[in-house]
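# Coordinate analysis (summary)
One-letter residues, chain by chain:
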Amino acid sequence: MSGQRLLSGPALNAGPESFSAHATRLGPLPQTGRDLIDTIERSGLTGRGGAGFPVGVKWRAAAARRPEVLVVNGAEGEPHSKKDRLLMSTRPHLVLDGALLAARAVRAKEIVLYLGENHVAARAAMERALLERPESERRSFRTLPAPARYVAGDSNAAVGFVTSGVALPTNSPAAPALVQNVETLAHVALIARSGRPTGTILVTMAGGVKHTGVLEVETTTTIGQAIAWAGGTPEPARAVLLGGYFGAWIDAEQAQGLPLDPQALRALGLSLGCGVIGILPTSHCPVCETAGIMRYLAGESSA
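So, a few notes on the structure that sits alongside this text. In this text the structure is predicted, and so the values were computed from the model without any measurement.

## A short note on the overall build of the protein chain
Of the regular secondary structure elements, the protein chain holds 13 helices and nine strands. On C-alpha atoms alone, the protein chain measures out to a radius of gyration of 19 Å, which is about the 19 Å that the 2.2 N^0.38 rule sets for 303 residues. Oriented by its inertia axes, the alpha-carbon framework of the protein chain measures out at about 55 × 40 × 35 Å. Taken across its 303 residues, the protein chain has 51% of its residues classed as buried. Long-range contacts, defined as pairs at least 24 residues apart, comprise 72% of the intrachain contacts of the protein chain with a sequence gap of at least 6. Of the roughly 13,000 Å² of accessible surface on the protein chain, 55% is carried by carbon and sulfur atoms. Charged side chains of the protein chain number 29 positive and 25 negative; the gap between the two group centres comes to 5 Å.

The following block contains the structure:
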């Protein structure tokens, strides 16, 4: 393990880490270019926004298309997910580092910070952090509030909003752009400095656990261990919703030993998706919960 963690350093309730504290803790931004794609590919990093696609492969394809824009996706429209806004609120410079490195690697000319319009603290932290950066870096960025809708975080919807002001998914090819989730870019910032995988992942514990919220865990952690670190379940669990509203229900007993490693889950036909681990207590009706999810998705035009 590299020992690097996304949320290491000062206590998270102390507010966003300043640029000077960030630079002191991690050192200057590495002067790497297209060779970073090889490093990211070797690291095995997968996207943390939901799809879980290998980042190095995605960047190599993007670089061949010469994208005009890098879209930093901080829309986080999944109802139970909190990890992205916590990361932006506390480690904004890690995200900005990753964005600059990604843009350099694929030769994107502009970086758009596509941040959820309702994520007020996270957007404020990112905008303040940007003002702390050197002017030569700031010129590459612009900020765009993402509509507070579930579908707005879809990569094609994000590109559509950046280019035309309409945040709706489409089956037609996206404009030349690279869209990358904020947690993914934070991992990039650490991997670029060490050349090694971080070995951690952010998950949002939701539903029937004692302490809901965000955990940073090793990828070898099991769902059962994550539940224990969230204080356990006040009442027995019936099932686990893995990956949020576009995820899958898993029997609670079966879920206990499942690792959170994205590649290991993919081999089992599962996905961590946006990193939500939702616990359904035995007192709750699974049919009612599923019906509620479907109603929500239908209302968001994503069913």
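## Points about the sheet that holds strand 6 (residues 213-218)
Taken in spatial order, the five strands line up as 6-5-9-7-8 in an open sheet, and their pairing is mixed. Across the chains shown, the open sheet's two edge strands, defined by having one partner strand only, are strand 6 and strand 8 (248-251). Sheet twist, expressed as the average angle between the axes of neighbouring strands with direction ignored, equals 30°. One ladder, built from four bridges, connects strand 7 (residues 237-242) with strand 8; its direction is antiparallel. Directly across from V240, in strand 8, lies its bridge partner I250.

## So, the side chain of S81
Topologically, S81 is positioned in the loop between strand 1 (69-74) and helix 4 (83-90). Among the polar contacts listed, one links the side chain of S81 to the side chain of E76, at a separation of 2.7 Å. Not counting residues up to four positions away in its chain, the partners in contact with S81 are E76, T204, C274 and V276.

## Some points on unusual backbone geometry
Positive phi, normally seen in glycine, also occurs at R66, with a value near 55°. You can see R66 is positioned in the loop between helix 3 (55-65) and strand 1. For R66, a relative accessible area of 45% gives the class partly exposed. Despite not being glycine, E76 has its phi angle at roughly 40°, a positive value.

## Section: the environment of M88
Along the polypeptide, M88 turns up in helix 4. Overall, M88 belongs to the buried group, its relative accessible area being 0%. The spatial distance from the C-alpha of M88 to the C-alpha of V57 is 25 Å, given a sequence separation of 31 residues. When residues no more than four places from it in sequence are discounted, the contact partners of M88 are G74, L115, A122, A125, M126 and V182.

## A look at the pattern of salt bridges
Scanning the model with the defined rule gives 16 salt bridges in all. E218 is the partner of R5 in a salt bridge, and the nearest nitrogen-oxygen pair spans 3.1 Å. With a gap of 213 residues between them, R5 in the segment before helix 1 (19-26) and E218 in strand 6 connect regions that are remote in the sequence. The class of R5 is partly exposed, set by a relative accessible area of 27%. Given the relative accessible area of 26%, E218 is considered partly exposed. The residue E41 makes a salt bridge to R60 at a minimum N-O spacing of 2.6 Å. On the criterion of sequence distance, the pair formed by E41 in helix 2 (residues 35-43) and R60 in helix 3 is long-range, its members being 19 residues apart. Looking at E41, the relative accessible area reads 33%, which means it is partly exposed. A cluster of three or more residues bridged by salt bridges with shared partners is formed by R48, K83, D84 and E183.

## With respect to the nonpolar core
In this structure, W59, L70 and V72 are the most contacted members of the largest nonpolar core, which totals 44 residues. Elements supplying a minimum of two residues to this core: helix 2, helix 3, strand 1, helix 4, helix 5 (92-106), strand 2 (110-116), helix 6 (120-132) and helix 9 (182-194). The dominant element in this core, judged by the number of residues it contributes, is helix 5, at 10 residues. Discounting chain neighbours no more than four positions away, the residues touching W59 are L36, I37, I40, A102, A105, V106, L178, Q180 and V188. Core analysis: the second largest hydrophobic core is formed by 21 residues, I201, V209, I250 and L258 among them.

## Digging into the sheet that holds strand 3 (residues 141-146)
One open sheet holds the four strands; their spatial order is 3-2-1-4, and the pairing between them is parallel. In this open sheet, the two strands that pair with only one neighbour each are strand 3 and strand 4 (177-181). Strand-to-strand twist in this sheet, taken as the mean axis angle between neighbours without regard to direction, amounts to 25°. With six bridges joining them, strand 1 and strand 2 adopt parallel strand pairing. Looking at the pairing, V69 lines up with E110 of strand 2. Strands strand 1 and strand 4 of the sheet are contacted by helix 9, whose axis makes an angle of about 90° with strand 4.

Procedures and definitions
- Residues numbered from 1 in each chain as written.
- Predicted model: local features only at pLDDT ≥ 70, side-chain atom pairs only at ≥ 80, totals over all residues.
- Heavy atoms only, no water.
- Helix = DSSP H or I, 4+ residues; strand = E, 2+ residues; numbered from the N terminus.
- Rg over C-alpha atoms; globule rule 2.2 N^0.38 Å.
- Buried < 20%, exposed > 50% of the residue type's maximum accessible area, 1.4 Å probe, protein only.
- Contact = heavy atoms within 4.5 Å.
- Areas by Shrake-Rupley, 256 points an atom, 1.4 Å probe, with all protein chains shown as cover.
- Lys, Arg positive; Asp, Glu negative; His and termini not counted.
- Charge placed at Lys NZ, Arg CZ, Asp CG, Glu CD.
- Pairing = 2+ DSSP bridges.
- Axes fitted to C-alpha atoms, helices over the stretch in contact; angles between N-to-C directions.
- Polar contact = N/O pair within 3.5 Å; in protein donor to acceptor, adjacent residues only side chain to side chain.
- Salt bridge = Lys/Arg side-chain N within 4 Å of Asp/Glu carboxyl O.
- Core = buried A, V, L, I, M, F, W, Y, C linked by side-chain atoms within 4.5 Å.

Function cannot be read off these values alone, since they describe shape.
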